[in-house]
Amino acid sequence: MATIQDIADRLGVSKGTVSKALNGAPDISETLQKTILETAVEMGYTRIRRKDSRKLCILTENLEYQEPHQFGYEIILGFRQMAEPAGYLVEIVDVSERLQKSVPYDVFMMKHDYPGAFVLGFSLSDPWMKDFETARTPAVLYDNYIMTNPRMAYVGIDNNEGMELTVSRLKALGHRRIGYLSGALGSHIMQVRHSAFFHAMRQNGLKADPALTGSSYYITQCLEKQLPRLLEQGATAIVCSHDLLANAVMVQCQQLGLRVPADISVTGFDDLPMCAYTSPPLTTVRQERIQLGKSGYYALDSLMNGVAIGTLLLHARLMERGSAGAVRKKGEGAV
């Protein structure tokens, strides 16, 4: 392992200068500090942390978490419920693309004395996603996957299991023409759920017809362009990649004069708090978000102790409510 003296020798500065830069001393210029931090990371330097500096960070982007009804709230709560009794201070850092472009992940972590991170809400195009491939500082990514780096772990639910539960239930209700609507496929989890849907259809002996699927970055585009096409092709049920889209699909179908679930069944994914109160209440796949947060800490603690956890998936659970029903038999009219 590289030492402070090794870093000083490499850069031709004093050991004291390196020490000051690593500890954020104000009398070291920003440019020199950046050079020293980047060199320390490159040389594999690991800071020996003081007992009074035990802290972890949760890095968030594009995630709402401040209020109990927001998706990220319980995930962060679960992480804190494990980390804080273990003696860690948990700091939440909202990360912008600009920040990621201005400083490498490892350098950011060393600068702020974070030994590990729980990463929420990142997209595949985020600059630090590339950094994670070779990063030395442990990180656990929710719903994102980094291959071959033993310091990275992925936690989430088993999306294949979730789609299997959904499709098999719709099949039991008599549905054969099942459509799928998704958010944009630019995120790892949207790609996973898209593939999981086709796999679940095949597992249930149903035709996985690409013409009965659609995706868009904007919910309005799904409603205006994709949904009418699926309805015209005779879909009797529509599986949605997330709950906000599923609720919007139900509302749009009702505005078109269709009854949910008598004329069209709709299911979601995630079980947001609103799902029990939509009209009708939404059948969806539940993510146990507090357990996901606790799993995030468990995986991160393991990584920081040299246990190279790769993937940790929780079981999915189908929450059956009023938005999915039996296929109406031919000849049955509206009530």
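The preceding data block contains the structure.
It should be emphasised that the depicted structure is a prediction, and the values quoted were computed from it without experimental measurement.

Thresholds, definitions, all that
- Each chain has its residues counted from 1, following the order in which its sequence is written.
- Confidence filtering applies because this is a predicted model: local features only for residues at pLDDT of at least 70, side-chain atom pairs given and counted only at 80 or more, and all residues used for totals across whole chains, interfaces and linings.
- Side-chain measures here rest on the full set of heavy atoms in the structure, leaving out hydrogens and waters.
- Going along the chain from the N terminus, every DSSP run of H or I of four or more residues is numbered as a helix, and every run of E of two or more is numbered as a strand.
- Categorising residues by exposure relies on relative accessible area from a 1.4 Å probe, with only protein chains included: less than 20% of the type maximum marks a residue as buried, more than 50% marks it as exposed, and the intermediate range marks it as partly exposed.
- Here, Shrake-Rupley sampling with a 1.4 Å probe gives the accessible areas, and only protein chains in the shown set may cover a residue.
- Positive charge is attributed to Lys and Arg, negative charge to Asp and Glu, and no charge count is given to His or to the chain ends.
- In this description, the location of a charge corresponds to atom NZ of lysine, CZ of arginine, CG of aspartate or CD of glutamate.
- To get an axis, fit a line to the C-alpha atoms, keeping to the stretch in contact for a helix; angles then go from 0 to 180 degrees between the N-to-C directions.
- For this classification, under 35 degrees means roughly parallel, over 145 means roughly antiparallel, 65 to 115 means roughly perpendicular, and everything else is oblique.
- By convention, the crossing between two helices is left-handed when the near helix turns anticlockwise from the far helix through less than a right angle, and right-handed when the turn is clockwise.
- Contacts between residues were defined by any pair of non-hydrogen atoms, one from each residue, lying within 4.5 Å.
- Under the scheme applied, nonpolar residues are Ala, Val, Leu, Ile, Met, Phe, Trp, Tyr, Cys and Pro; charged residues are Asp, Glu, Lys and Arg; polar residues are all the others, including Gly.
- Put simply, buried Ala, Val, Leu, Ile, Met, Phe, Trp, Tyr and Cys residues joined by side-chain atoms within 4.5 Å make one nonpolar core.
- When a carboxyl oxygen of Asp or Glu is within 4 Å of a side-chain nitrogen of Lys or Arg, the pair counts as a salt bridge.
- In protein, a polar contact means a hydrogen-donor-capable atom and an acceptor-capable atom, both N or O and within 3.5 Å, with residues adjacent in sequence counting only if both atoms are side-chain atoms; elsewhere, any N or O pair within 3.5 Å suffices.
- Two strands make a pair as long as DSSP finds a minimum of two bridges between them.
- For Phe, Tyr and Trp, where Trp contributes only its six-membered ring, two rings pair if their centres lie within 6.5 Å, and the inter-plane angle classes them as stacked under 30 degrees, edge-to-face over 60, or tilted in between.
- Whether a charge sits over a ring comes down to the Lys NZ or Arg CZ being within 6 Å of the ring centre and within 35 degrees of the ring normal.

(A) Representation of the overall build of the protein chain within the structure. Across its full length, the protein chain holds 12 helices and 12 strands. Projected onto its principal axes, the C-alpha coordinates of the protein chain cover approximately 85 × 35 × 35 Å. Split into buried and exposed, the 335 residues of the protein chain put 50% on the buried side. Summed over all atoms, the accessible surface of the protein chain reaches about 15,900 Å², with 51% contributed by carbon and sulfur. Averaging the positions of the 35 positive and the 35 negative side-chain charges in the protein chain gives two centres separated by 4 Å.

(B) Here's a closer look at the packing of helix α4 (residues 71-83) against helix α12 (residues 289-304). Contact geometry of α4 with α12 gives a least axis separation of 6 Å together with a crossing angle of 45 degrees. Taken together, α4 and α12 sit at an angle that is classed as oblique. Crossing handedness for the pair α4 and α12: right-handed. Seen from α4, the contacting residues are Phe71, Glu74, Ile75, Leu77, Gly78, Phe79, Gln81, Met82 and Ala83; seen from α12, they are Arg289, Ile290, Gly293, Lys294, Gly296, Tyr297 and Leu300. Here the residues of the contact of α4 with α12 are counted per class, giving 9 nonpolar, 4 polar and 3 charged.

(C) Structural view of the nonpolar core. Core analysis: the biggest nonpolar cluster contains 66 residues, and Phe79, Phe118, Ile178, Phe197 and Val249 have the highest contact counts within it. The residues touching Val249, leaving out its near neighbours within four places in the chain, are Leu181, Leu223, Leu227, Ile238, Cys240 and Val266. Core analysis: the second largest hydrophobic core is formed by 36 residues, Val103, Tyr105, Met109 and Met152 among them.

(D) Just the side chain of Asp106, in detail. Turning to its location among the elements, Asp106 is positioned in helix α6 (residues 105-111). Buried charge without a partner: Asp106 forms no salt bridge, and the closest opposite charge is Arg136, 5.4 Å away. Among the polar contacts made by the side chain of Asp106, one reaches the side chain of Thr137 at a distance of 2.7 Å. Excluding residues that lie within four positions of it along the chain, Asp106 makes contacts with Val41, Ala135, Arg136 and Thr137.

(E) Geometry of the sheet that holds strand β11 (residues 311-314). Taking strand neighbours across the sheet as the criterion, the 6 strands line up as β2-β1-β3-β4-β5-β11 in an open arrangement whose pairing is parallel. Bordering the open sheet on either side are β2 (89-94) and β11, each of which pairs with just one other strand. Put simply, the sheet's adjacent strands are angled 20 degrees from each other on average, direction ignored. One ladder, built from 4 bridges, connects strand β4 (residues 139-142) with strand β5 (residues 152-157); its direction is parallel. Bridge assignment links Tyr142 to a residue of β5, and that residue is Val155.

(F) Structural context of the sheet that holds strand β6 (residues 178-183). The strand order across the open sheet formed by 6 strands is β7-β6-β8-β9-β10-β12, and the pairing between neighbours is mixed. The strands lining the two open edges of the sheet, one partner per strand, are β7 (213-216) and β12 (317-319). Ignoring which end each strand starts from, the neighbouring axes of this sheet average 20 degrees apart. Packed on one face of the sheet, helix α10 (residues 219-232) meets β6, β7 and β8 (237-240) and runs near 175 degrees to β7.

(G) Examining the packing of aromatic side chains more closely. Taken as a whole, this structure holds 13 aromatic pairs when the rule is applied. A cation over a ring is seen here: Arg54 above Tyr88, with NZ or CZ 4.0 Å from the ring centre.

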